[in-house]
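A closer look at the structure
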Amino acid sequence: MNLKEPQKIKGIREISERFDAYFIDLWGVIHNGVQCYPLALKVLEKLKEQNKKIVLISNAPRPSVVVKAFLETIGLQSSCYDFLVTSGDVTREYISLNSSKKKFYHLGPTRDIDLFKDLNVTLTSKEKCDEIICTGLESDEEEKLEDYKTLLDFFLNKKIPLICANPDEVVARGEKIVFCAGALANQYKQEGGVVRYFGKPYSDIYNLALKKVRADKNFKDKKEINTLVIGDNIKTDIKGANLFNLDSVLILNGIYKDFFRDGIVNFEQLKDSVNLKDIKITYFQKELAWH
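Per chain, residue numbering runs from 1 following the sequence as it is written. Only residues with pLDDT of 70 or above have their local features reported here, since the model is predicted, and side-chain atom pairs are shown and tallied only from 80 upward, although totals for entire chains, interfaces and linings are computed over all residues. Only hydrogens and water are set aside; all other atoms, that is, all heavy atoms of the structure, feed into the side-chain values.

1. Quick word on the pairing of strand 3 (residues 53-58)
Among the six residues in strand 3, six count as buried, and that is most of the element. Only protein chains enter the accessibility calculation, which uses a 1.4 Å probe; a residue whose area is less than 20% of its type maximum is buried, one above 50% is exposed, and one in between is partly exposed. Secondary structure elements are defined from DSSP: runs of H or I of at least 4 residues count as helices, runs of E of at least 2 residues count as strands, and each element is numbered from the N terminus. Neither face of strand 3 is open: one carries Lys53, Val55 and Ile57, the other Ile54, Leu56 and Ser58, and all of them are buried. Any two strands with at least two DSSP-identified bridges between them are counted as paired. Strand direction decides the pairing type here: strand 2 (residues 21-24) and strand 3, joined by four bridges, are parallel. Bridge pairing links Phe23 to Val55 in strand 3. Note on handedness: a clockwise path from strand one over the helix to strand two, with the strands aimed away from the viewer, defines a right-handed crossover. The parallel pair strand 2 and strand 3 is bridged by helix 1 (residues 38-49), and the resulting crossover is right-handed. Pairing of strand 3 with strand 4 (residues 83-86), which is carried by four bridges, proceeds in the parallel orientation.

Shown next, in the form of structure tokens:
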């Protein structure tokens, strides 16, 4: 794999003609959990004008219909993109296939209960469950990972598998960094627990996104769909692009903003910080913009 230094671009306009489809992350790229970035919305508008296919791919542990409704409340209308897929969608498929065989314990905030909506699923106590469905910390702005040691030890002793519905470890909510389900799942795995992840960078969510694009009449007979992945997380967005051999744009105004100073990025230090020295990053921007 060619690990040459990522190319800095001023705007997506510089490379837009090279790609047919765009897989774009939401949190940290399009919005910060509170409001949309105006420059990012301009990118979506311009890509639509060029008839590009836009798939918003989110590690949100909720169904895409729920995420879609939330996006509308912060100013992102469905006319701005073609498809929306979430780790919640992929997790729901898994739950549906196993709902008659297993009882699940939901580890996460009550706002994520929509993950189970309209599914014939049995949610039970920690003592009676067969598997854990982890969507995050119950109160991510107040709690720390160490607050879950006793609970995770309980599950470890019983050898209960954990299903992670959001592989993100952290996310920037406004100006604050909070832990996600991926951080709990990784802690559980490091202690010897069995973990299965749904969402970026794992294949299920990308296969679902590609399936939606290929179903479009303009792409049914196209042998190769040139696809660009845009995200702000090396461990999920960029790693996922690498696994599918796709070009990528790393956005640096979110969880990695401390590595971006005066237009200069120390990528060697950044890759070391996430323990992914051999990751390929094609392009980078401070923030998603068209220009």
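2. Observations concerning the sheet that holds strand 8 (residues 162-164)
Judged by pairing direction, the sheet is parallel, and its five strands sit side by side in the order 6-5-7-8-11 without closing on themselves. A single partner strand is all that each edge strand has here, and the edge strands are strand 6 (122-123) and strand 11 (195-197). As paired strands, strand 5 (residues 103-107) and strand 7 (residues 131-134) are joined by four bridges and run parallel to one another. By the bridge assignment for strand 7, Tyr105 is matched with Ile132.

3. Overview of the nonpolar core
Nonpolar core, defined: a set of buried Ala, Val, Leu, Ile, Met, Phe, Trp, Tyr and Cys residues in which side-chain atoms within 4.5 Å join the residues together. In terms of nonpolar packing, the biggest core is built from 30 residues, with Ile12, Ile24, Ile30, Ile230 and Leu288 touching the most fellow members. The element best represented in this core is helix 1, accounting for four residues. Two residues qualify as a contact provided that any one of their heavy atoms is within 4.5 Å of a heavy atom in the partner residue. Not counting residues up to four positions away in its chain, the partners in contact with Ile12 are Tyr22, Val43, Leu47, Ile230, Val249, Gln285, Leu288, Ala289 and Trp290. In terms of nonpolar packing, the next biggest core, distinct from the first, is built from 27 residues, Val85, Tyr94, Ala209 and Ile225 among them.

4. Considering the side chain of Asp20
Residue placement: Asp20 occurs in the loop between strand 1 (7-8) and strand 2. With residues near it in sequence (within four places) discarded, Asp20 still touches Lys52, Lys53, Phe219, Lys222, Glu224, Ile225 and Asn226.

5. So, the packing of helix 3 (residues 87-98) against helix 6 (residues 203-214)
One can describe the packing of helix 3 onto helix 6 by two numbers: an axis separation of 9 Å at closest approach and a directional angle of 105°. Put simply, helix 3 runs roughly perpendicular to helix 6. Across the interface between the two elements, Ser87, Asp89 and Val90 from helix 3 touch Asp204, Ile205 and Leu208 from helix 6. Residue polarity follows a fixed list, in which Ala, Val, Leu, Ile, Met, Phe, Trp, Tyr, Cys and Pro are nonpolar, Asp, Glu, Lys and Arg are charged, and the others, Gly among them, are polar. Class assignment of the residues belonging to the contact of helix 3 with helix 6 gives a composition of three nonpolar, one polar and two charged. Interaxial angle, 0 to 180 degrees, is taken between N-to-C directions of lines fitted to C-alpha atoms, where a helix line uses only the stretch in contact. An angle below 35 degrees is read as roughly parallel, one above 145 as roughly antiparallel, one from 65 to 115 as roughly perpendicular, and any other as oblique.

6. Examining the side chain of Asp25
As for its position among the elements, Asp25 is in the loop between strand 2 and helix 1. The class for Asp25 is buried, based on a relative accessible area of 6%. We define a polar contact as two N or O atoms separated by no more than 3.5 Å, with the added condition that, inside protein, one atom must be a possible hydrogen donor and the other a possible acceptor, whereas residues neighbouring each other in sequence contribute only through side-chain atom pairs. Within the local environment of Asp25, its side chain forms a polar contact with the side chain of Lys200, the two groups lying 2.7 Å apart. Not counting chain neighbours up to four residues away, the residues in contact with Asp25 comprise Ile30, Ile57, Lys200, Ile230, Gly231, Asp232 and Asp237.

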